[in-house]
Amino acid sequence: MKLSENFVLKNIAGATVVMPVGDAVGKINGMIKLNPSAKVIWESLEANKDFNGILEEMKNNFTDVDEATLKEDINYFLNKLRELEILID
Amino acid sequence: MKLSVADLIVEINPIYDLLKSRLGPYIYDGEREADIVIPITEQFFIDRHNEHPELTLEECEYLYTGSCFYTELIKFGGVLLHSSCVQYENYAYLFSANSGVGKSTHTHLWLEKFPSAEILNDDKPAIRKIGDKYYAFGTPWSGKFDESINTKTEIAGITFLSRGETNEITRVTGEEAMFDFMNQTVRPNKKEYMIFFMEILDKILSEVPVFKMKCNISLEAVETSYNAMKRS
């Protein structure tokens with residue numbers, strides 16, 4: 001799993017935002033705002049973690065959420081990223 | 001020739017009259033080296049004109065040199081905000097909205113209400129932090145009419161306008177205004193510029209007072225915006 005190079009993640013005024021650059025600008029018109037769990041998943045992908053690595057990060061950040069729910073969240077977000085061609089397998 | 005725009009030295013050699021006619025107040029004959037060089041070739045504008053036949057060659061030059069300047073400005077910590085900017089009693093007030101909403105109508109009502117107020121730039125002021133303050137700058141790129149003055153004025157606030165029956169203004173958080181700001185500026189294509197751009201936006205939206213306003217066309221609308229945005 002690899003994130004496309006054509007995106008930049010930053011905090012802007014308290015929000016976590018992803019902006020397209022280069023070839024991605026035509027495909028995604030606008031910006032993507034990430035919630036706290038999506039941010040953890042994105043940053044794990046940037047650090048080249050696999051599914052289990054992402055799950056570990058999620059467990060560390062969201063200690064009160066059960067593992068099944070975290071897995072569901074991760075799969076949901078990874079599929080979204082694949083749909084948008086942000087995540088390349 | 002060299003220009004001084006937004007406290008930066010810009011090298012540009014215009015071909016057509018429209019751009020030439022806007023540069024007069026910005027011409028610089030000092031010794032500073034150029035911070036920004038805007039490349040111009042006639043062929044480039046001929047190609048753009050062929051892609052957009054609705055634009056004349058001189059309009060192509062005017063628009064594309066502006067776009068080039070505002071993109072390079074990002075490297076120097078500045079951005080464009082598509083807005084009409086009025087200055088009054090040493091502060092700049094920026095009103096941003098899509099074309100046709102009435103930002104220029106609103107700022108021109110300020111000129112009626114406050115005789116010493118002036119339009120700093122009617123369409124595309126530059127915003128840049130110098131020291132610990134944010135300034136609005138006039139630039140040669142000011143839209144259809146040449147309404148811009150070559151000056152820098154500390155920003156009192158930024159307001160995103162929409163039309164309303166009555167006048168209502170609310171101070172909002174930077175996060176609440178982020179989409180509005182993104183939609184009214186030039187978003188760079190290149191990654192290195194985008195990183196700078198997002199850092200600049202983060203600072204502006206965290207440090208400059210930002211408002212959203214619904215307004216009608218009246219002097220009461222001016223009182224509403226002035227009272228909310230003025231510095232005490």
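This text follows the structure it describes.
Quick notes on the rules
- Residue numbers run consecutively from 1 along every chain, following the written order of its sequence.
- Key to labels: chains lettered from A, ligands numbered from 1, both in the order written.
- In view of the model being predicted, local features appear only for residues whose pLDDT reaches at least 70, and side-chain atom pairs are presented and counted only at 80 or more, with totals across whole chains, interfaces and linings using the full set of residues.
- Once C-beta atoms are placed from the backbone, each residue is buried if 20 or more other C-beta atoms lie within 10 Å of its own, exposed if 12 or fewer, and partly exposed for counts between those two.
- Counting from the N terminus, the helices are the DSSP runs of H or I reaching at least four residues and the strands are the DSSP runs of E reaching at least two.
- Once C-beta atoms have been placed from the backbone, residue pairs whose C-beta atoms lie within 7 Å are recorded as contacts.
- Structurally, a nonpolar core is described as a collection of buried Ala, Val, Leu, Ile, Met, Phe, Trp, Tyr and Cys residues joined by way of C-beta atoms within 7 Å.
- Source of the domain bounds: an automatic or database domain assignment.
- Should DSSP find at least two bridges between two strands, the strands are taken to pair.
- When residues are sorted by character, Ala, Val, Leu, Ile, Met, Phe, Trp, Tyr, Cys and Pro go into the nonpolar class, Asp, Glu, Lys and Arg into the charged class, and all the rest, Gly among them, into the polar class.
- Geometry is summarised by axes, namely lines fitted to C-alpha atoms with helices restricted to the contacting stretch, and by angles between N-to-C directions that run from 0 to 180 degrees.
- Each angle gets one of four labels, with under 35 degrees taken as roughly parallel, over 145 as roughly antiparallel, 65 to 115 as roughly perpendicular, and the rest as oblique.

J.: Would you mind going over helix α4 (residues 103-113) of chain B in detail, with residue names and values included?
T.: Every buried residue belonging to α4 of chain B is among K103, S104, H106, T107, L109 and W110 of chain B, and all of these are buried. Buried residues in α4 of chain B make contact with β5 (83-88), β6 (91-96), β7 (118-121), β10 (152-163), β12 (210-215) and α7 (219-229) of chain B.

J.: Got a sec to walk through the nonpolar core? Specific residues and values, please.
T.: Residues and elements named next belong to chain B. With 75 residues, the main nonpolar core has Y93, L94, A136, I155 and L205 as its most contacted residues. Top element by residues in this core is helix α6 (residues 191-207). It accounts for 7 residues. Both domain 1 (2-76) and domain 2 (79-229) contribute no fewer than three residues apiece to this core. Beyond its immediate sequence surroundings of up to four residues, A136 is in contact with C85, A92, L94, L120, P125, I127, T153 and I155.

J.: Before we move on, can you summarise the sheet that holds strand β2 (residues 8-11) of chain B with the specific residues and values?
T.: Residue and element names in this part refer to chain B. Pairing is mixed across the open sheet formed by 3 strands, whose spatial order is β1-β2-β3. This sheet does not close on itself; its edge strands, each paired only once, are β1 (2-5) and β3 (36-37). Here β1 pairs with β2 via 4 bridges, running antiparallel. Paired with L3 across the bridge in β2 is V10.

J.: How would you summarise the interface of chain A and chain B if you had to cite specific residues and measurements?
T.: Of the residues lining the interface, 13 residues belong to chain A; the matching set on chain B comes to 16 residues. Broken down by secondary-structure element, the contributors of at least two residues to the side of chain A that touches chain B are β2 (7-12) and β3 (15-20) of chain A. Considering each element in turn, the side of chain A that touches chain B owes the most residues, 4 residues, to β2 of chain A. A per-class count over the side of chain A that touches chain B returns 9 nonpolar, 3 polar and 1 charged.

J.: Residue-level account of the pairing of β12 of chain B, with values.
T.: Residue and element names in this part refer to chain B. Both β10 and β12 contribute to a ladder of 6 bridges, which runs parallel. Bridged to R163 within β12 is C215. Note: strand β11 (residues 168-172) against β12, 5 bridges, orientation antiparallel. In the strand pairing of β12, T170 is matched with K212.

J.: Give a detailed account of the packing of α4 of chain B against α7 of chain B, specifying residues and quantitative values.
T.: Residue and element names in this part refer to chain B. Close contact between α4 and α7 brings their axes to 9 Å; oriented N to C, the two are set at 95°. Taken as axis vectors, α4 and α7 run roughly perpendicular relative to one another. Contacts from H106, L109, W110, E112 and K113 of α4 reach α7 at L219, A221 and V222. A class-by-class count of the residues in the contact of α4 with α7 yields 5 nonpolar, 1 polar and 2 charged.

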